[in-house]
Each structure stands twice: as C-alpha cells, then as structure tokens.
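# Topology and contacts: notes
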Number of protein chains: 2
Amino acid sequence: MPKLVDADARRRAVAEAVFRVVRAQGLEQASLRNVAEAADLAIGSVRHYFTNHDELLTFALDELIARVERRLMARVNQVYAATAAADRRAAVEDLLGELLPLDPDRHDEAVVWLEFTNAARTRPALAPAARRLHEGIRAIARRVLEGVGAAEVAVEAERLAALLDGLAVDAVLQPDLITPDVMRAVLGRHLDTLPRAVH
Amino acid sequence: MPKLVDADARRRAVAEAVFRVVRAQGLEQASLRNVAEAADLAIGSVRHYFTNHDELLTFALDELIARVERRLMARVNQVYAATAAADRRAAVEDLLGELLPLDPDRHDEAVVWLEFTNAARTRPALAPAARRLHEGIRAIARRVLEGVGAAEVAVEAERLAALLDGLAVDAVLQPDLITPDVMRAVLGRHLDTLPRAVH
DNA sequence: AGTTATTTGGCACAGTCATGCTACAAAGGG
DNA sequence: CCCTTTGTAGCATGACTGTGCCAAATAACT
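Values in this document were obtained by computation on a predicted structure and should not be read as measured data.

Cut-offs and rules
- Residues numbered from 1 in each chain as written.
- Chains lettered and ligands numbered in written order.
- Predicted model: local features only at pLDDT ≥ 70, side-chain atom pairs only at ≥ 80, totals over all residues.
- Heavy atoms only, no water.
- Domains from an automatic or database assignment.
- Contact = heavy atoms within 4.5 Å.
- Buried area = accessible area lost by both parts, 1.4 Å probe.
- Salt bridge = Lys/Arg side-chain N within 4 Å of Asp/Glu carboxyl O.
- Polar contact = N/O pair within 3.5 Å; in protein donor to acceptor, adjacent residues only side chain to side chain.
- Nonpolar A, V, L, I, M, F, W, Y, C, P; charged D, E, K, R; others polar.
- Phe/Tyr/Trp six-rings, centres within 6.5 Å; stacked < 30°, edge-to-face > 60°.
- Lys NZ or Arg CZ within 6 Å of the ring centre and 35° of its normal.
- Least-squares fit on C-alpha atoms with pLDDT ≥ 70 in both.
- Helix = DSSP H or I, 4+ residues; strand = E, 2+ residues; numbered from the N terminus.
- Buried < 20%, exposed > 50% of the residue type's maximum accessible area, 1.4 Å probe, protein only.
- Core = buried A, V, L, I, M, F, W, Y, C linked by side-chain atoms within 4.5 Å.
- Expected span 1.5 Å × (residues − 1).

## Quick word on the domain arrangement of chain A
Residue and element names in this part refer to chain A. The assigned domain composition of chain A is domain 1 (1-50) and domain 2 (59-192). One C-alpha centre belongs to domain 1, the other to domain 2, and the line joining them spans 28 Å. Facing 11 residues of domain 1, the contacting portion of domain 2 comprises 11 residues. Carbon and sulfur atoms make up 75% of the surface buried where domain 1 meets domain 2, a total of about 1,100 Å² over both sides. Three residues, Phe-19, Arg-23 and Leu-27, lead the burial of domain 1 against domain 2; their summed loss comes to 55% of the area buried on that side. For the pair domain 1 and domain 2, the interface holds 2 salt bridges. As a salt-bridge pair, Glu-16 and Arg-67 come within 3.9 Å of each other at their nearest N and O atoms. Run the count over domain 1 and domain 2 and you get 2 residue pairs in polar contact (both at pLDDT 80 or more). Counted by class, the side of domain 1 that touches domain 2 contains 6 nonpolar, 1 polar and 4 charged residues.

Okay, structure coming up:
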C-alpha cells in the first residue's frame, strides 16, 4: 500500500481546507474542486476520504463544533473553580467571551459558523448540528444565570444568547465597526445590568 | 410594440420572485432560470429588465431595504407623536418590533435579509446596501436611547442593535424555538432594564 | 398600412458542478 | 517475490450556470 496515511488526521486537514475556502469565498464556493485545491490534494483523493459532498460538509461542521466545545470545557471549569465574586465574574466573562469572535482565529470560526448555520436552513443534512450548537449556547446561558429568579431565567437566557449571537453576526458582517473592544464593552455592560446573578 | 409594460413594476415583480426563491431555497439557488420560473417569465424576459445577474440581486436588496424603511417611517412618527410616558414606551416597542420577524411577512423578510447580508460578506456588489441597513439600525437604536447618559449611549445602542439582530437571526434559523412571543418578551425585558431612557 | 421601437423567447457557448467508474502506483504481509 | 490492500489520479457523463447573440411577435405612431 502507499504511504499509509492517518485517515482521521487527513479528514481533519481537509476540513480545515473547507474552513479556509468558506472563510475566503463563502460556503457556496466550497466545491470538491476548490476544497481539494486548498488542501493541496487531487480531487480524487478528497473523494477517497469522503463519500459525498454532503458528508464532507457535515464532517467539517461537526469538527467546528467539537473545537468550540473543547474551548468551552476549560472555561466552564474555571467558573466552577472561582469562589470569590470578582473571580466568578471574570470567569463568566471569559466563558461567554469564548463565544465571541474576539481574536482572528475565533473570528474565522464565527464566519464559518454563520455560513454553515445559515445554510442549514435550506440544507437538511446540516440542520442537526446547527441545532445542537444553538441549544448548547442556551444551556450555557441558563447555567450562567442561575442566580436570577426562576421566573425570569428563561427570558434572560434567551436575551443573553441572542445578544451573543447578534454580536457575533455583527462582528462577522461588519468587522471594522464591531471590533473586539466594542464586543467586550457590550458584554460587560450587559452583565453589569443583570439583577445580582453574576456578581 | 407589444403590451407596453410598466418596466418598474415588472422589475419589482421579478424582485418578489427573487424573494420567493431565496426564502424557499436560499440565495445560492436564485439563478436567472429559477427566478424566471418563479416569476412565470421566460429567462430572456428577465434579462430584458436586468442587464446582469448582479444587478438583479442588488435591485432586489435595495427593494427589500426600501420596504423596511417605509414601514419604519410610520413608526418613527408615532414615537414623536407620543407624549405620555406609557404611550412613548408602547410606540418604541412597536418601532423596534418592526425590526423583528414577528409575523409571517416580516419573517420572510428577515430570512431574505440574512441571506443577502451574509452573501454581502463575499460579494462586493451587495456590500454597500448591507452596510446602509446595518448603520440605519444603529441610528434608530441611538435615537431611541436619547435618555441615557451620553457616555453610555454608544455602548447601549450597540447592545440594543446586537440584541435585535440576534433575535432576528435566531428566529430565522430556529423558528420553532424563537417564536414571536419569545421575541416580544425578550425585547420587553430589555427595555425594562434600561436606565430611565424609554419609560 | 407601413414603420419602428419594445418585448419576448430561445439557441449556443464556455464554464462549473457532483459523481460513477476505471486505472495505476505504492508499500506492507505472506 | 508476489500479491493484496490502500491511496492517488483522472476520464466521462449529465446537469446546471451566466451571458452574447439573434429572431420573432407585438402594438403604438406616422
């Protein structure tokens, strides 16, 4: 047999090529040909690791979600570890900030997320993963807002989640206006005005 | 000559066909052929009213924005007309609600908006119109928040605009979870917690 | 009635797309 | 050494795209 390649690593490398194409030219342009070129592979090679174009895209989306989840896990532990009020507030801010495109890497991630989650509206294959991410964000928002009254937690969680989604979308679409500084200021202000939940 | 058609009305009718296709199948599928079929015209006819595919899309986007602006104008006047505090609060809620997909028509509008504004990220022809809409929403947010301190108005306007964008996006992508009731509750809650600006 | 400008319809072309299929190179195990 | 498995590459096909170009049908105006 030839070089005996680590198939999983190859699939992840191709997924990264998908991200690059989507980032630069939109999901619409993430054809097998363009992705193969971005991955520096022949189109036939890419097809050896993915049976379908759909499977390529769903794998890439799953990979993106896994990456976000990995980052969030570490931050969640930080919140639980923080006992002092000031520490907890900072930990919460870091945790929620992980959902915002505050640095170039996460900006690219947010771009790809918006492209995929929007495409999921009309592409059934992508819908389950997009849904999982949507609900995951709500779960985090609810957990962070434990301190508010039970009657309000549902509305407040939705408000926080919508704010995070909106900031991410705005930063993706108008990056020169919605800078990391603006996002941090808005998130901080939002947490300041919450009853007595997070501080 | 033939039937002597009102060219402007025809262009608007074709734009509506664009909306229907984008709504049902995504902007990616808004090809000349699909749009022509949705408009019940021959492809050559559509091309008679639009020199370009790009011109067709930019016209449709401009048309969408004009429609939103028309709706907002009426609401803005209502805010100025309201003198009593309770009236003003209701007028503001109606005005901002105009930016949310609270009924089926506005839901379709929001779907098309998201498709276009996202596409504008990688399609230069659409960028100016998307930008205008983005800034228009900020202008409204700032005007509504006149009451808050000058130091905070920038951050608060961004927070309100991001919340509106986020609610719209979430309702477009997960319409069974983010219902009009949820959106109204979240917006109401947000206005309640603002300093003493709107009430 | 004839002319002319507008509208409509469609053909042809070059490009892109996903995918079924085949062919071949390479390296590990017998 | 051979053979079998794995990876790589590419050809062929049918479908779709925007656009240049052309031809016909239509109705208003002279």
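And the narrative resumes.
## Examining the packing of aromatic side chains
Going through the model one piece at a time under the given rule, you end up with 2 aromatic pairs over all chains. The aromatic ring of Phe-59 of chain A is capped on one face by Arg-11 of chain A, whose charged end is 4.5 Å from the ring centroid.

## Notes on the interface of chain B and chain A
Contacts between the two partners involve 45 residues from chain B and, on the opposite side, 45 residues from chain A. Buried area between chain B and chain A, both sides added, is near 3,700 Å², and the carbon and sulfur share of it is 53%. Considering only the surface of chain B that becomes buried against chain A, Arg-121, Arg-159 and Arg-189 of chain B emerge as the three largest contributors, covering 19% of it. Here chain B and chain A share 12 salt bridges between them. At the surface where chain B touches chain A, the tally comes to 18 residue pairs in polar contact (both at pLDDT 80 or more).

## Thoughts on the relation of the copies chain B and chain A
If you rotate chain B by 180° and push it 0.0 Å along the axis, it lands on chain A with an RMSD of 0.0 Å. Taken together, the rotation angle and the small translation identify this as a two-fold axis. Of the C-alpha atoms belonging to chain B, the one lying closest to the rotation axis is found on Gly-166 of chain B, 1.8 Å away.

## With respect to unusual backbone geometry
Backbone phi values are negative for most residues with the exception of glycine, while trans is the configuration of most peptide bonds. All names here are of chain A. A positive phi angle, close to 60°, is found at Asp-40, a residue other than glycine. Mapped onto the fold, Asp-40 is located in the loop between α2 (32-38) and α3 (43-49). By relative accessible area, Asp-40 is classed as exposed at 71%.

## Here we look at the nonpolar core
The biggest cluster of nonpolar side chains holds 77 residues, and the ones touching the most others in it are Val-18, Val-35 and Phe-116 of chain A together with Val-18, Val-35 and Phe-116 of chain B. Leaving out residues up to four positions away in the same chain, Val-35 of chain A has contacts with Val-14, Ala-17, Val-18, Val-21, Ala-30 and Leu-56 of chain A. Of all hydrophobic cores here, the second largest spans 65 residues; its members include Ala-157 and Leu-191 of chain A together with Leu-100 and Leu-167 of chain B.

## Digging into helix α8 (residues 150-173) of chain A
Taking 1.5 Å as the rise per residue, α8 of chain A with 24 residues should run 34 Å; its terminal C-alpha atoms sit 35 Å apart, in good agreement. Within α8 of chain A, 19 of the 24 residues are buried, leaving the element largely enclosed by the surrounding structure.

## Overview of the environment of Ala-30 of chain B
Residue and element names in this part refer to chain B. Residue position: Ala-30 is located in the loop between α1 (7-25) and α2 (32-38). A relative accessible area of 1% places Ala-30 in the buried class. Sequence-wise, Ala-30 and Leu-57 are 27 residues apart; in three dimensions their C-alpha atoms are separated by 8.7 Å.

## Examining the pattern of salt bridges
One pass over the structure, following the stated rule, counts 44 salt bridges over all chains. Measuring nitrogen to oxygen at the nearest pair gives 3.2 Å for the salt bridge that ties Asp-62 of chain B to Arg-132 of chain B. Separated by 70 residues along the polypeptide, Asp-62 of chain B in helix α4 (residues 53-81) and Arg-132 of chain B in helix α7 (residues 127-144) bring together distant segments of the chain. For Asp-62 of chain B, a relative accessible area of 35% translates into the label partly exposed. With relative accessibility at 47%, the residue Arg-132 of chain B sits in the partly exposed group. With its nearest N and O atoms 2.8 Å apart, the salt bridge here joins Glu-109 of chain B to Arg-71 of chain B. Of this pair, Glu-109 of chain B sits in helix α6 (residues 104-119) while Arg-71 of chain B sits in helix α4, placing them 38 residues apart in sequence. For Glu-109 of chain B, a relative accessible area of 12% gives the class buried. Each of Arg-71, Arg-75, Asp-94, Glu-98, Asp-103, Arg-106 and Glu-109 of chain A takes part in one network of salt bridges that share partners.

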